[in-house]
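As a plain string of letters, each chain reads:
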Amino acid sequence: MQERVKKPQFDVVGTRPVRPDGVDKVTGRAKYGADLKMAGQLVGKVLRSPHAHARIKSIDVSKALSMPGVKAIVTRDDFADQASEFVPAGEMLINYRDVVRNILAREKVLYEGHAIAAVAAISEKVAIAALDAIKVDYEVLPHVIDEIEAMKADAPLLQEDMITQGVTPAPTKASNVAKRVEFTLGDTAKGFAEADVIIEREFKTKAVHQGYIEPHACLASVSEDGSADLWTTTQGHWVKRAHCAKLLGWDVTKIRVTSSEIGGGFGGKTVIYLEPLALALSKKAHRPVKMVMSREEVFKSTGPTSGGTVRVKMGAKKDGRITAAEGEIILQAGAFQGSPVQPACMCAFANYDLENVKVIGFDVVSNRPKVAAYRAPGGPISTYGVESVVDELAEKLGIDPIDLRLKNAAKEGTKAAYGPKFGPVGLVECLEAAKESDHWKAPLGPNQGRGIAAGFWFNIGGETTVSLQLNEDGTLTLMAGTPDIGGLRASLCMMAAEELKVDVHKIRPIIADTSSLGYNFLTGGSRSAFSSGMATVEAARSIVKQACQRAAKLWEIPEEAVTWEDGEVRPAGENAGKHKPMTLSDIGKIAGKTGGAIVGYAAISAQGAAPSFGVHIADTEVDPGTGKVTVTRYTAIQDAGRAIHPSYVEGQFQGGAVQGIGWALNEEYIYGPDGKLQNAGFLDYRVPVASDLPMIDTIIVEVPNPRHPYGVRGIGETPIVPPMAAIGASVRRASGVRFFELPMSPPKVLKAMKAAGKA
Amino acid sequence: MAKHHVTTTVNGDPVEYLCESEQTLLDCLRDELDLVGAKEGCSSGDCGACSVLLDGRLVCSCLVLGVEAEGRSVETIEGMAQGDELHPLQRKFLEHAALQCGICTPGILVAAKALLAKNPDPTETQVRYWLAGNLCRCTGYDKIVRAVMDAAAEMRGA
C-alpha cells in the first residue's frame with residue numbers, strides 16, 4: 001500500500017498500535033445496543049403505519065391494554081405537542097415539532113412504517129399480539145413519493161401549513177417545498193459568455209440507507225422518583241438526552257444516558273426513534289423496557305439519505321479554465337423538512353476556485369421516511385453531478401481530467417461560493433498524488449475504463465469534554481464523550497501518550513455516560529478525533545502542569561523552576577541537578593500527599609476544524625452481455641491533515657469508498673405504486689459484499705491543519721463524496737456510454753449500451 | 001404450550017435450556033444462555049452477524065431453530081480464544097485493524113475459522129466469496145481479507 005506519510009516526527013502519533021477496545025470486539029465481549037439485559041425487563045414493540053399517507057381518525061388501545069402480560073402502551077396522547085424550533089443534529093437541523101410527530105404520528109401518518117403506538121409487554125410474543133389488537137381508524141390519502149411530482153401544484157400535501165421559506169415574497173399557498181436556498185458568487189451570465197464550451201446536464205440519484213449492521217436498540221429504566229437510566233446505541237448520548245428530556249418534559253439531569261458500543265452509524269444514529277418511547281413505557285410500567293428494531297423497521301422507518309435531482313451547467317475556456325458554474329439541487333427530505341440541501345449546495349463547487357457560481361437548492365417533503373444524516377450529508381449527491389460534468393468538460397476539451405482539475409483546484413486563499421476563504425487545504429496535493437500513483441499509469445484491459453473524481457467535506461468542531469486521570473501507579477484513565485465508532489479511543493490514547501511520553505497501553509479509555517462528564521456534542525461532522533483529540537491534548541497538558549506544581553511543592557522550589565522534558569519533571573535553572581527528576585509514575589504515587597488526585601479536565605468548544613479534500617480513482621469493467629459493472633481497481637487519496645493511527649484513517653477511506661460504490665452501482669430505495677418500500681431487507685437492498693470488490697488502495701496525504709495540536713482534519717466523511725462520479729466516469733470509458741442516473745445497475749446499463757449500439 | 005427442553009453442547013460445555021418452538025438458535029444463545037457475541041443484524045440470513053458453527057458447519061443461527069441444537073455441538077465466538085491466547089484470526093484482525101465498529105466481527109471470525117478449517121490456503125477470491133454472506137458496512141472488506149490471508153499463512157506455518 002502506498003503512503004505519503006512524511007517521516008514520523010512523533011513517538012506514538014503515526015504508529016499503528018492495537019486499539020484498546022479491540023480484544024473485547026474480537027472475543028464477543030463488547031456490549032452493543034441489544035446486548036444488555038436488566039432484571040424484570042419488558043419487551044417494547046412499535047405499531048407502524050401500513051399506509052404511505054393517511055389521516056388518523058382514532059386510535060383505540062383498550063383491547064390491547066387489557067391483554068394479560070401487556071404492561072403499558074404509549075401513543076400521541078402521551079407526548080405534549082412541541083413548538084416549531086430548530087436545533088442542530090450533526091450537520092443538519094431538526095425541528096421538535098416534527099420530531100414529536102416522527103417518533104409517534106399525531107394528525108397523520110406520512111410514510112409506510114411511521115410509528116403510531118408502542119407497547120411494553122412481558123414477552124415479544126405478547127407485545128406483537130398487543131400490536132395486532134390496537135385499532136387504528138385511518139382515512140387513506142393520496143400519496144407522493146417522487147420529489148419532482150411532490151413539487152407540482154396539484155400534488156398531495158403532506159403538511160397543510162407548509163409555506164416555502166427563502167422565497168420573497170412568501171408564497172400564499174402551502175406546498176411540499178419546505179425551503180429554497182441560494183449561494184452566489186460573481187456573475188454567472190458574464191462567466192458563461194466568456195466560455196468556449198458549456199455543458200448542461202440533469203442527474204438523478206436515489207434514496208440510500210446508511211446500512212449500519214446493528215439495528216437501533218435501547219434499554220430504559222425509570223424509577224419511581226423519575227430518575228432514568230438509558231442504555232442506547234447512539235452517535236451522541238448528550239444530544240439524545242436533550243431530545244428525550246425535551247419531548248418528555250423531564251429535567252435533563254434525571255436522564256443518565258450510557259452509549260453502548262455502536263454497531264455503525266454513518267449519521268443515522270444521531271437522531272432519536274425508540275428512546276423516548278422506551279422511557280415513556282418504562283415510566284408507565286415501572287419496569288425496564290428494552291426495544292430493538294427489526295431490519296425491516298430500520299429500512300422503513302429510519303434514515304435514509306435523500307434521493308434527488310441535480311442540474312449542473314458549467315462553462316470553460318479552451319485552456320480548461322472554468323468560467324462559470326450553476327447548479328440546481330432538489331432533495332427529498334422525507335416526510336418532514338430538513339434534507340441536507342444546504343450542505344449539498346455548499347459542497348457542490350467547493351472543489352474549485354471559481355469566480356462565478358450560482359447554486360439553488362430546494363428541500364422537498366414526500367411520503368418517505370424522514371431523512372437522517374448519512375456521511376457527508378448532501379455532498380455526494382451534488383458532487384456526483386458536478387464531477388460528472390467536469391469529466392465531460394475534460395473529454396470535450398481534450399484535457400486530462402487531473403490536469404483540468406489542477407487548473408481549477410481550490411487552494412489556500414480560494415473563496416468558496418458559500419462564503420469562507422480556505423486555509424491550507426490539500427486538493428492539489430491529492431491530485432498530484434493521483435497523477436503520480438501506479439494506479440493512474442497502469443494499463444487497462446478490454447471493456448475496462450478508468451475514472452477520477454474529487455470530493456470535499458467541511459468538518460466541524462464543537463462542544464467537547466475530556467477527563468484524564470493520573471492514577472497512583474502512574475497509569476492513566478481517559479474519559480471521552482464522543483462515541484467511538486471506528487478507532488477513536490485508540491487515537492485519543494495515542495495523542496495523550498505522545499504528550500505525556502507514556503506507553504499508549506498504560507492509558508485505559510472509556511466513553512463516559514452523560515452523568516460522569518461534561519457535555520459532548522455527538523460523533524458526527526468528522527469531529528470526534530479532531531475535537532476530542534484537541535480536548536485530550538489540553539487535558540494532558542494540564543496533567544503536566546499539575547505534575548510540575550506537585551514536584552515544586554515536594555522540592556520546595558518555585559513552580560517556574562520546574563520543567564517537563566522527555567517524560568520527566570526536572571528541576572531547572574539554578575536548581576538543576578539538585579533533585580532527582582520524577583516520572584509521571586513517581587508523581588502519581590505522591591499525588592495524595594501533595595494535594596490530592598491529579599486530573600486533567602478539558603471542557604472546550606473546539607474551533608478550527610479544517611476541510612478535507614479527497615480524490616478517488618476507479619477502474620471498472622462492464623460486461624457488454626449483461627450490463628454488469630465490476631470495480632476492478634480502486635484508489636482513495638485524501639488529505640488527513642495528520643493521520644494519528646494510519647490504519648484507521650485508511651479504514652475510513654476504504655469504508656467510505658465502498659459505501660459510495662454501493663450507491664453508484666446497486667443501492668436504492670424502490671417504491672411501488674402503493675407508496676410502499678419494496679426492498680426493505682439486506683437481500684433486496686443489497687449493500688456491497690466482499691466478493692463484489694477489489695482491494696481498496698489508499699494514499700494518505702498530510703497537509704496539517706494549523707488549528708489542531710497535531711494537525712488533524714476530520715476524515716470520516718469525505719471518502720463517500722467522490723466515488724459515484726469516479727465510477728460514472730470509469731463506466732463511460734469502459735462502455736462508451738455516459739450515465740446520468742444512479743444506481744448504474746445491470747438492466748439500466750445494458751439498456752443504455754444497446755440504445756447506443758455498444759452492447 | 002410447554003417449552004422444549006434442549007440438551008446440547010456449546011463451546012465444549014454441556015448446556016440445557018428451555019425454548020419455545022419458534023425461538024431461533026440465535027435467540028436461545030442470546031436470551032437463554034446470555035452468549036451475546038453472535039449478533040442479530042437482519043434475522044433473515046442475509047448479514048451473517050449471527051454466524052456460528054453447528055457440528056462444525058457454518059450456519060446463520062437466526063435460520064436455525066433452538067430445538068434443532070438438541071444433541072449437537074455449537075461453537076460461538078465466545079469459544080474461539082483459548083484462555084488468554086487469542087486465535088490467530090482474532091490476533092490478525094487486531095493487527096490489521098480489520099474492524100471498525102466491530103458488530104460484524106464475531107460473525108466474520110467464526111466464518112473465517114470455518115473457511116480455514118476447510119481450506120488452509122485460500123486465494124483472495126476464495127476468501128471474498130466465502131465471506132460474501134457476512135456484511136460489513138465499515139471497512140470495505142480490504143483489511144478483513146488481508147487479515148484472513150495473513151492468519152491462514154501463519155496457521156500454515158508459512
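What you see is a predicted model, and the numbers here were worked out from it, not measured in a lab.

Quick word on the overall build of chain A
And then number 1: A tally of regular secondary structure across chain A gives 21 helices and 28 strands.
And then number 2: For a compact globule of 759 residues, the expected C-alpha radius of gyration is about 27 Å, and chain A comes in at 27 Å, within 12% of that figure.
And then number 3: Burial status across chain A gives 60% buried among its 759 residues.
And then number 4: Across chain A, contacts joining residues at least 24 apart in sequence account for 80% of those joining residues at least 6 apart.

Things to note about the sheet that holds strand E22 (residues 562–565) of chain A
Residues and elements named next belong to chain A.
And then number 1: The antiparallel open sheet is built from three strands, whose spatial order is E22-E23-E24. Because the sheet does not close on itself, it has two edges, and the strands there are E22 and strand E24 (582–583).
And then number 2: Of the strands in this sheet, E22, strand E23 (568–571) and E24 touch helix H16 (residues 528–555), which is tilted by about 135° from E22.

What to know about the interface of chain B and chain A
And then number 1: With 42 residues of chain B at the interface, the matching set in chain A holds 40 residues.
And then number 2: Here the side of chain B that touches chain A gets four residues from one element, more than from any other, and that element is helix H2 (residues 88–95) of chain B.
And then number 3: A per-class count over the side of chain B that touches chain A returns 23 nonpolar, ten polar and nine charged.

Focus: the domain arrangement of chain A
Residue and element names in this part refer to chain A.
And then number 1: Examined at the domain level, chain A breaks down into domain 1 (313–368 + 408–459 + 608–755) and domain 2 (462–606).
And then number 2: Distance from the C-alpha centre of domain 1 to the C-alpha centre of domain 2: 39 Å.
And then number 3: Counting residues at the interface gives 17 residues for domain 1, matched by 15 residues for domain 2.
And then number 4: With three residues, the top contributor of residues to the side of domain 1 that touches domain 2 is helix H18 (residues 646–665).

Describing the sheet that holds strand E13 (residues 255–259) of chain A
All names here are of chain A.
And then number 1: Pairing in this open sheet of seven strands is mixed, and the strands run E3-E7-E1-E14-E11-E12-E13 from one edge to the other. Bordering the open sheet on either side are strand E3 (70–74) and E13, each of which pairs with just one other strand. Strand after strand, the sheet turns through a mean of 20° between neighbouring axes, direction not considered.
And then number 2: Two strands pair when backbone bridges link them, and E3 and strand E7 (residues 115–121) are joined in this way by four bridges, in the antiparallel orientation. The residue of E7 that forms the bridge with Ile73 is Val119.
And then number 3: Along the sheet, helix H8 (residues 275–285) contacts strand E1 (42–48), E3, E7, strand E11 (217–222), strand E12 (228–232) and strand E14 (289–292); its crossing angle with E11, the most-contacted strand, is approximately 30°.

Comments concerning the domain arrangement of chain B
All names here are of chain B.
And then number 1: For chain B, the assigned domains are domain 1 (4–79) and domain 2 (88–156).
And then number 2: Spacing between the C-alpha centres of domain 1 and domain 2 amounts to 21 Å.
And then number 3: Tallying contributions element by element places strand E3 (residues 51–54) first for the side of domain 1 that touches domain 2, with three residues.
And then number 4: Classifying every residue of the side of domain 1 that touches domain 2 gives eight nonpolar, four polar and one charged.

Focus: the nonpolar core
Nonpolar side chains in soluble globular proteins generally cluster together in the buried interior.
And then number 1: By size, the foremost hydrophobic cluster in this structure holds 299 residues, and its most contacted members are Val119, Leu277, Leu281, Phe349 and Ala496 of chain A.
And then number 2: Those residues in contact with Ala496 of chain A that lie beyond four places of it in its chain are Leu468, Leu476, Leu478, Ile507, Thr536 and Ala540 of chain A.

Overview of H8 of chain A
Residues and elements named next belong to chain A.
And then number 1: Counting buried positions along H8 gives ten out of eleven residues, so the element sits mostly inside the fold.
And then number 2: Along H8, the positions that sit buried rather than exposed are Glu275, Pro276, Leu277, Ala278, Leu279, Ala280, Leu281, Ser282, Lys283 and Ala285.
And then number 3: Downstream of H8 by one or two residues, His286 has phi in the positive range, about 60°.

Re the environment of Ile715 of chain A
All names here are of chain A.
And then number 1: Looking at the element boundaries, Ile715 is found in the loop between strand E28 (696–701) and helix H20 (723–735).
And then number 2: Here Ile715 falls in the buried class, since 28 other C-beta atoms lie within 10 Å of it.
And then number 3: Each C-alpha atom, one on Ile715 and one on Gly419, is 22 Å from the other, the two residues being 296 residues apart in sequence.
And then number 4: Sequence-distant contacts of Ile715, that is, excluding residues within four places in its chain, are made with Ser526, Ser612, Gln638, Ala640, Val649 and Gln652.

Some thoughts on the confidence of the model for chain B
One rule of thumb: low pLDDT means the predicted coordinates there are not for detailed reading.
And then number 1: Counting all residues, the mean pLDDT for chain B is 97, and 99% of those residues have values of 70 or more.
And then number 2: With pTM at 0.97, the complex prediction returns an ipTM value of 0.98.

Criteria and cut-off values
- Starting from 1, residues in each chain are numbered consecutively following that chain's sequence as written.
- In the order they appear in the text, chains get letters beginning with A and ligands get numbers beginning with 1.
- In keeping with the predicted nature of the model, local features appear solely for residues at pLDDT of at least 70, side-chain atom pairs appear and are counted solely at 80 or more, and the whole-chain, interface and lining totals rest on all residues.
- The way it works is that DSSP assigns letters per residue, a run of H or I at least four long becomes a helix, a run of E at least two long becomes a strand, and they are numbered from the N terminus.
- Note on method: radius of gyration uses C-alpha positions; expected globular size equals 2.2 Å times residues raised to 0.38.
- Here exposure depends only on C-beta density: within 10 Å of a residue's C-beta, 20 or more other C-beta atoms make it buried, 12 or fewer make it exposed, and intermediate numbers make it partly exposed, the C-beta atoms being placed from the backbone.
- For every residue pair, C-beta atoms are placed from the backbone, and the pair is scored as a contact if these atoms sit within 7 Å.
- Here, a strand pair is defined by DSSP locating no fewer than two bridges between the strands.
- For helices, the fitted line uses only the C-alpha atoms of the stretch in contact; every axis is such a line through C-alpha atoms, and the angle between N-to-C directions lies from 0 to 180 degrees.
- Here the term charged refers only to Asp, Glu, Lys and Arg, the term nonpolar to Ala, Val, Leu, Ile, Met, Phe, Trp, Tyr, Cys and Pro, and the term polar to all other amino acids, Gly among them.
- Those domain boundaries reflect an automatic or database domain assignment.
- By convention the nonpolar core is taken to be a set of buried residues drawn from Ala, Val, Leu, Ile, Met, Phe, Trp, Tyr and Cys and joined through C-beta atoms within 7 Å.
- pLDDT is defined as a per-residue confidence score from the predictor, taking values between 0 and 100.

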